[in-house]
Amino acid sequence: MPHFVIDCASSILDIHDEMTINKAIHKVAHSTDLFVESDIKVRVNPFDSYLVGNKQETFIHVFTHIMQGRTTEQKAALSKAVVTKLNEMFPDIKNIAMNINDFEKATYCNKAQL
């Protein structure tokens, strides 16, 4: 935790490869001091078939899942930092966005908790 899942048009990988994107988002996430570095997970899901506004328009959307407990202001700053970095990396892509969902501590379980 946290998870940064980057859905995107596969064509963005012609500009930067998956590892470059993963490392950049990992660095931004770590720089916020909201997470332990070893807990940050980042991955890219490229799509060949998609529609944006009923057109095949290039896009990047980051779905972020974090443990509850951060303030709205912290989450907004995280979103802005990630979108800013992606905008720097992909200045010609107009559809770049991110949202954050909170995991509920009471219902979360991982292998270390067994």
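Structure: see above.
Keep in mind the model is a prediction, meaning the values are calculated, not measured. (Residues numbered from 1 in each chain as written. Predicted model: local features only at pLDDT ≥ 70, side-chain atom pairs only at ≥ 80, totals over all residues. Heavy atoms only, no water.)

S.K.: Provide a residue-level description of the sheet that holds strand 1 (residues 3-9), including the pertinent values.
M.R.: Strand pairing in a sheet relies on backbone hydrogen bonds. The paired strands run either parallel or antiparallel. Overall, mixed pairing links the four strands, which are arranged 2-1-3-4 in an open sheet. The open sheet has two edge strands with one neighbour each: strand 2 (41-47) and strand 4 (95-103). Neighbour to neighbour, the strand axes of the sheet diverge by 15° on average, direction disregarded. As defined by bridge partners, strand 1 adjoins strand 2 across seven bridges and the pair is classed as parallel. Counterpart to D7 in the pairing with strand 2 is N45. (Pairing = 2+ DSSP bridges. Helix = DSSP H or I, 4+ residues; strand = E, 2+ residues; numbered from the N terminus. Axes fitted to C-alpha atoms, helices over the stretch in contact; angles between N-to-C directions.)

S.K.: Mind laying out the environment of M67, listing which residues take part and the relevant values?
M.R.: Within the secondary structure, M67 sits in strand 3 (residues 59-67). Judged by its relative accessible area of 16%, M67 falls in the buried class. Linking M67 and K111, residues 44 residues apart in sequence, is a C-alpha distance of 16 Å. Aside from chain neighbours lying at most four places away, what touches M67 is M1, D102, F103, E104, K105 and Y108. (Buried < 20%, exposed > 50% of the residue type's maximum accessible area, 1.4 Å probe, protein only. Contact = heavy atoms within 4.5 Å.)

S.K.: Run through the packing of aromatic side chains, naming residues and quoting values.
M.R.: A ring pair, where both rings are aromatic, is described by two values, the distance of the centres and the angle of the planes. Considering all chains together, one arrives at three aromatic pairs under this definition. Consider the rings of F4 and F35, whose centres lie 6.2 Å apart with planes at 85°: the pair is edge-to-face. Of this pair, F4 sits in strand 1 while F35 sits in the loop between helix 1 (18-31) and strand 2; the two residues are 31 residues apart in sequence, bridging distant segments of the chain. We classify F4 as buried; its relative accessible area is 0%. Taking the relative accessible area as the measure of exposure, F35 reaches 10% and is therefore buried. Centre to centre, the rings of F103 and Y108 are 5.4 Å apart; their planes meet at 65°, and the pair counts as edge-to-face. What makes Y108 partly exposed here is its relative accessible area of 22%. (Phe/Tyr/Trp six-rings, centres within 6.5 Å; stacked < 30°, edge-to-face > 60°.)

S.K.: Pulling in residues and values, what's your account of the environment of F90?
M.R.: With respect to the helices, strands and loops of the structure, F90 is situated in the loop between helix 2 (72-89) and strand 4. The exposure class assigned to F90 is buried, which follows from its relative accessible area of 1%. Residues F90 and I15, spaced 75 residues apart in sequence, show a C-alpha to C-alpha distance of 7.7 Å. Other than its neighbours up to four places away in sequence, F90 contacts I12, I15, H16, I21, I60 and I96.

Function cannot be read off these values alone, since they describe shape.
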